[in-house]
Amino acid sequence: MRSVLPVLSVVAMILGLWYAACLPMNIKGVLTEAERAGATVTPEGGKARRDMSEFALLVANGFAIPATWAQERPRLPAPHQVAIELWDTTVMKKITSKRSLVYHGWVTLSATLLGFVIGTGLGILLAIGIVHSRVMDMSVMPWAIVSQTIPIIALAPMIIVVLYSIGVQGIVPKAVISAYLSFFPVVVGMVKGLRSPDAMQLDLLRTYNASNGQGFWKLRLPASMPYLFASLKIGVAASLVGAIVGELPTGAVSGLGARLLAGSYYGQTVQIWSALFAAAILAAVLVGVLGLIETRVLKRMGMT
Amino acid sequence: MSETTVVEAKNLDLTFPTNDGPVQALKDVNLSIEKGEFVSFIGPSGCGKTTFLRVMAALETPTGGTITVNGVSPEEARKSRAYGYVFQAAGLYPWRTIAGNIKLPLEIMGFSRSERDRRVKDVLQLVDLEGFGGKYPWQLSGGMQQRASIARALGFDADILLMDEPFGALDEIVRDHLNEQLLALWDRTGKTIGFVTHSIPEAVYLSTKIVVMSPRPGRITDVIDSPLPRKRPLEIRDTPEFIEIAHRVREGLRAGHGDD
């Protein structure tokens, strides 16, 4: 419980900064709306205000400050606006509704999980190959590294177009992009993990005349578990990013990425921010669940 | 070579290539070990005592000379499960119970389930760990873990036990206790034991034969056949015979260091 206070103070500080940032970000918009509604603002006329600093405007129009936290389409929505939007679009909406973030979240989550499973499986297989074959060690690893240097935002549309042209669409292209991002940490972690048994452990198996397969199942694989879980936590977060990025170039109509995109088309900043937060919460939950499984498994294996 | 010779090394050489040029780990090593002997290898680090043990276990390949274990090459001896190897660290798998750890070589070698259970029970008794089979390694002290690792090496009935400073990481009192137990175990099982150590009292207390080695290049400088009886209480270390052998070992070690 001792950790509650520091966490709360950090959260309070972020919220404070956020509210403060809303003032200069939104003041010009607020004044324009207020003037249109008939209020007196100083100075009058958008043209006069255009080149003024936001801080001077705030000083001259103190009355407008509360409104910077309550605009319908602010440049920067206030925290409570995002929170209310999140509440309205999750708890208050039926999950079948096209406006429900739970619905959109599920669309993204399903692609994320499929991609994560594919990526993890692929990553583990590659790692096994790399550890057991010198040829693969020399040839696969450089390509795996190169693959991660290509910006996914540039690659995603190509993957989707190519897959579409061979008749694959729906959840699979998104999952492929997810897998593309998530296999890498798994490869790196598992290679390290499968190589973690020391020379003594390997010598011991040699004195038993153990085969490579026996060494893998009885020693290398169990010994790699701590590394695997560390990689999975990174991989699942990367998977989510992949699924969201995969929704952007297609103009998808559902999914968190689609909400982000639609929000930016229509200037619905509150919607963008709530989708962002939904994604962040989803990632936190996924990593948290993996962390729980990790604690259980490693404790059971006596490796904590 | 007689019927009862277990290990026979003739003109054994081993050179490791390193970045600083080749290092001669073993030079012209000649040694024979009879069945049922307790042979200690003692010497400063770099004298090749561990390397020689590893050659016997086919973990290193000599670059010259010949060595046979049970009359065949070390590689073939390994395939016929001629020896169990105990390392300095117990190296138990944390995800397996003590019984599970002892079963590891038995699983690899394809013993049946019932046979595995029976053997685990037997060897746990042999190392005085009855009732600890269900425990995990972290629940045991360092000395008990090392005993479990000895049990693991005993499970598949190897005639030779190769031990590389098995008690090196343990404190003096635990070490004395384990030495006593090891002697009792050796007496009961009649195994041939190769034991690497850098402690003179340990070597003298345990062995029927003490091989004194010296470094650069690794070679044997003295082989001492101990006149001490097979049954040895800890107090034997205060007898004149014991002190005399210890003295001879120390002299041998000093002679090996003469060229430094």
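Each remark here, short or long, concerns the structure printed above.
Residues numbered from 1 in each chain as written. Chains lettered and ligands numbered in written order. Predicted model: local features only at pLDDT ≥ 70, side-chain atom pairs only at ≥ 80, totals over all residues. Heavy atoms only, no water.

Enquirer: Tell me about the interface of chain A and chain B, residues and numbers included.
Expert: Each partner contributes residues to the interface: chain A has 19 residues there, and chain B has 23 residues. Carbon and sulfur atoms make up 62% of the surface buried where chain A meets chain B, a total of about 2,000 Å² over both sides. Considering only the surface of chain A that becomes buried against chain B, Thr 207, Tyr 208 and Lys 218 of chain A emerge as the three largest contributors, covering 33% of it. Between the two partners, chain A and chain B, sit 2 salt bridges. A salt bridge links Asp 203 of chain A to Arg 54 of chain B; the nearest nitrogen and oxygen atoms lie 2.7 Å apart. Linking chain A with chain B are 8 residue pairs in polar contact (both at pLDDT 80 or more). Secondary structure elements with two or more residues in the side of chain A that touches chain B: helix H9 (199-207) and helix H10 (212-223) of chain A. Tallying contributions element by element places H9 of chain A first for the side of chain A that touches chain B, with 7 residues. Of the residues contributing to the side of chain A that touches chain B, the split by class is 10 nonpolar, 5 polar and 4 charged. (Contact = heavy atoms within 4.5 Å. Buried area = accessible area lost by both parts, 1.4 Å probe. Salt bridge = Lys/Arg side-chain N within 4 Å of Asp/Glu carboxyl O. Polar contact = N/O pair within 3.5 Å; in protein donor to acceptor, adjacent residues only side chain to side chain. Helix = DSSP H or I, 4+ residues; strand = E, 2+ residues; numbered from the N terminus. Nonpolar A, V, L, I, M, F, W, Y, C, P; charged D, E, K, R; others polar.)

Enquirer: Talk me through the nonpolar core; I want residue IDs and the actual numbers.
Expert: Within the largest apolar cluster, 132 residues are counted, with the highest numbers of intra-cluster contacts made by Phe 41, Phe 52, Met 56, Leu 182, Val 204, Ile 210 and Val 249 of chain B. Setting aside chain neighbours within four positions, we find Val 249 of chain B in contact with Ile 42, Ile 200, Val 204, Ile 210, Val 212 and Ile 224 of chain B. The next biggest cluster of nonpolar side chains, apart from the first, holds 11 residues, and it includes Leu 155, Ala 156, Ala 238 and Val 245 of chain A. (Core = buried A, V, L, I, M, F, W, Y, C linked by side-chain atoms within 4.5 Å. Buried < 20%, exposed > 50% of the residue type's maximum accessible area, 1.4 Å probe, protein only.)

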